[in-house]
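# Close look at the chain arrangement
What follows is each chain in one-letter form.
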Amino acid sequence: MIIAETTEDLQKVTNGWKAEGHRIAFVPTMGALHKGHLSLVSAAKSAGRIPIVSIFINPSQFNNKEDFQRYPRMVSQDIELLTKSNCALVFIPSVEEVYPDDFVPFSGLDLDGLDLVMEGIFRPGHFEGMLQVVKRLLDLVQPDELYMGQKDFQQHTLVRHMIQKLNLPVRLIIGPTLRESDGLAMSSRNMRLTPEFRAKAPVIFQALKRLMKINGTKDLPNAIKRAIQMIEDKGLRVEYLEIVDAYNLEKVSDPNSHSYIVACVACWAGDIRLIDNVVLKGPEQ
Ligand code: AMP
């Protein structure tokens, strides 16, 4: 596997691949890789693409300095995992490489309010930082396809919006959420859970799964209240649990008038913040 730390080294290789007619799939990550990340690499390979993974802990998407400092960093283990997964190239740029002094962030993109709900409320500035870095990495890597995980539902909804609005020449592919055998969504943050909260955290998915049975019910507020209670009974603290229209992220009151619905949750397990989501309906194909 090729390890590139500069854009010059990266593009030397990718230009060669492109000249040979290969199509490139890009998987941006913040490292501390797990099977969820690797599943995106496998999906890209199965589709016949050359997978490129980036590892970059983007300071500008952390609204909490301590969270940034404590974010797990384990690059040599990541490189080993990616090598075993037959990843073609890992791009590990420095902050200066991604944000040089003359870097001009794009501006003026109307996010149609997608950034003002759920994560946007509790992590102010997070999506702006995330979109800036995804756009910047897309400019550097110039992939044909961008692979992201369903786990970060609001994130990929915003990325799709940006791709459409800026007319970026890349196709977004979403991979399913990989889970531990007890249902907990895989996350780089899970390794920081205390054993006590690790044992309790599967309740998040259990509560979401219960919501999958709502069918045509109109009493969503009660269903949501019960799901929150179920999680909080285990000692986790729910920041939000919402049932939203998956296209515009607006709250759903009558499931019958929406074709694509998702339930999203964020909660604290001790001092670790976890998010998860499940699709309750749709999308219509
Ligand atoms: P992160 O390193 O957390 O920024 O995640 C990098 C990419 O991996 C994002 O597109 C995530 O949505 C995706 N991802 C993270 N966790 C999972 C998971 N459990 N299953 C599938 N994809 C995931």
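Treat the numbers as computed from the prediction; the structure is a model and nothing was measured.

Before going further, it helps to spend a moment on helix H2 (residues 35–46). With twelve residues, H2 should cover 16 Å at 1.5 Å per step; its first-to-last C-alpha distance of 16 Å lies within 8% of that length. Listing the buried residues of H2 in full gives Gly36, His37, Leu38, Ser39, Leu40, Val41 and Ala44. Its buried side turned inward, H2 meets strand S2 (24–29), strand S3 (50–55), helix H4 (75–84), strand S5 (145–149) and strand S6 (171–175). Once H2 finishes, Gly48 follows within two positions and takes phi at roughly 85 degrees, a positive value.

Applying the stated criterion across every chain, the model contains seven aromatic pairs. Put simply, the rings of Phe56, Tyr99 and Phe103 pair up and form one aromatic cluster. The ring of Phe68 is capped by Arg73, whose NZ or CZ atom sits 5.0 Å from the centre of that ring.

Interaxial distance between helix H7 (residues 126–141) and helix H8 (residues 153–165) falls to 10 Å at its minimum, and their mutual angle equals 55 degrees. Classified by the angle between their axes, H7 and H8 sit oblique to one another. Here H7 and H8 pass one another in a crossing that is right-handed. Contacts from Phe127, Met130, Leu131, Val134 and Lys135 in H7 reach Gln154, Gln155, Leu158, Val159 and Met162 in H8.

Before going further, it helps to examine the nonpolar core. Of all hydrophobic cores here, the largest spans 46 residues; its most connected members are Leu146 and Val159. Ranked by the residues each element gives to this core, the list is headed by H7, at nine residues. The contact partners of Val159, leaving out residues within four places of it in the chain, are Met130, Leu131, Val134, Leu146, Met148 and Leu172. In terms of nonpolar packing, the next biggest core, distinct from the first, is built from 31 residues, Ile231, Leu241, Ile243 and Val278 among them.

For the rest of this paragraph, the subject is the sheet that holds strand S4 (residues 89–91). Ordered by their spatial adjacency, six strands build an open sheet running S1-S4-S3-S2-S5-S6, and the pairing between neighbours is parallel. The sheet is open, and its two edges are formed by strand S1 (2–4) and S6, each paired on a single side. With strand direction ignored, the average angle separating the axes of adjacent strands in the sheet is 25 degrees. Two elements, S5 and S6, share five bridges in a ladder whose sense is parallel. By the bridge assignment, Glu145 is partnered in S6 with Arg171. The strands touched by helix H1 (residues 7–19) are S1, S2, S3 and S4; relative to S4, the strand with the most contacts, the crossing angle is about 145 degrees. Docked against the sheet, H2 engages S2, S3, S5 and S6, running at close to 145 degrees with respect to S5.

Taken together, 17 residues form the shell around the ligand, and within it His37, Gly149, Asp152, Leu178 and Met186 come nearest. Contacts to the ligand include Gly149, whose backbone N or O atom sits 2.9 Å from an oxygen atom. Relative to its unbound accessible surface of 490 Å², the ligand loses 94% to contact with the protein. Here the shell around the ligand takes three residues from H2, the largest share from any one element. The residue makeup of the shell around the ligand, split by class, is eight nonpolar, seven polar and two charged.

Parameters at a glance
Residues numbered from 1 in each chain as written. Predicted model: local features only at pLDDT ≥ 70, side-chain atom pairs only at ≥ 80, totals over all residues. Heavy atoms only, no water. Helix = DSSP H or I, 4+ residues; strand = E, 2+ residues; numbered from the N terminus. Expected span 1.5 Å × (residues − 1). Buried < 20%, exposed > 50% of the residue type's maximum accessible area, 1.4 Å probe, protein only. Contact = heavy atoms within 4.5 Å. Phe/Tyr/Trp six-rings, centres within 6.5 Å; stacked < 30°, edge-to-face > 60°. Lys NZ or Arg CZ within 6 Å of the ring centre and 35° of its normal. Axes fitted to C-alpha atoms, helices over the stretch in contact; angles between N-to-C directions. Parallel < 35°, antiparallel > 145°, perpendicular 65-115°, else oblique. Left-handed = near helix turned anticlockwise from the far one by under 90°. Core = buried A, V, L, I, M, F, W, Y, C linked by side-chain atoms within 4.5 Å. Pairing = 2+ DSSP bridges. Near = heavy atom within 4 Å. Polar contact = N/O pair within 3.5 Å; in protein donor to acceptor, adjacent residues only side chain to side chain. Areas by Shrake-Rupley, 256 points an atom, 1.4 Å probe, with all protein chains shown as cover. Nonpolar A, V, L, I, M, F, W, Y, C, P; charged D, E, K, R; others polar.

Read these as spatial facts, not as claims about activity.
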